[in-house]
Amino acid sequence: MRIGIKIMDEIVRKLAAIGLPAIVLLITMASTGLAGAAAITAALALLGPGGMLGGIALLGIIGLATDALSKYGLQSLLVGIYRERLNRGEPQQVLVREIENLPLSKELKLILKDELRLNF
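Residues numbered from 1 in each chain as written. Predicted model: local features only at pLDDT ≥ 70, side-chain atom pairs only at ≥ 80, totals over all residues. Heavy atoms only, no water.

Draft legend 1. Spotlight on a nonpolar patch on the surface. On the surface, Ile7, Ile11 and Leu15 cluster together into a nonpolar patch covering about 290 Å² of accessible area. With respect to the helices and strands, the residue isoleucine 7 is situated in helix H1 (residues 2-32). (Patch = residues over 30% accessible without salt bridge, like charges linked within 9 Å, V, L, I, M, F, W, Y side chains within 5 Å. Areas by Shrake-Rupley, 256 points an atom, 1.4 Å probe, with all protein chains shown as cover. Salt bridge = Lys/Arg side-chain N within 4 Å of Asp/Glu carboxyl O. Helix = DSSP H or I, 4+ residues; strand = E, 2+ residues; numbered from the N terminus.)

And the structure:
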């Protein structure tokens, strides 16, 4: 079960890394007023500083940034939430049990629990 959740986390990260550049490209294509291959060509040329090749490079960079953000962004967000809840007086044991029941990878659960113990 835990291996499945870790794999699921990785799949979601990769889909986000692919999805955001695709959305950026689609929005840019829609703004060109063209259709088909002409829309793709014009959109890539609009995106990049060096024409089509620059547009392709920019979409790749967006994908890499999305992958990194989805990996470290969720962790940072959850750590902040649980730190705040602990500071507001919620019992550490209650928060640890809640973390155990979350559909997260074992690695992320351990990080969250360690953060709670360090700030206790």
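Past the structure itself, the notes keep going.
Draft legend 2. Representation of the nonpolar core in the model. Leu78, Val79, Tyr82, Leu86, Leu95, Val96, Ile99, Leu104, Leu108, Leu112 and Leu116 together form the largest nonpolar core, which totals 11 residues. If you list the elements that add at least two residues to this core, you get helix H3 (52-87), helix H4 (92-101) and helix H5 (106-118). Here the element with the most residues in this core is H3; it accounts for four residues. If we skip the residues at most four places from it in the chain, tyrosine 82 touches Leu95, Glu98, Ile99, Leu102, Leu112 and Leu116. With eight residues, the next largest nonpolar core counts Leu25, Met29, Ala39 and Leu59 among its residues. (Core = buried A, V, L, I, M, F, W, Y, C linked by side-chain atoms within 4.5 Å. Buried < 20%, exposed > 50% of the residue type's maximum accessible area, 1.4 Å probe, protein only. Contact = heavy atoms within 4.5 Å.)

None of the figures reported here should be taken as evidence of function without further support.
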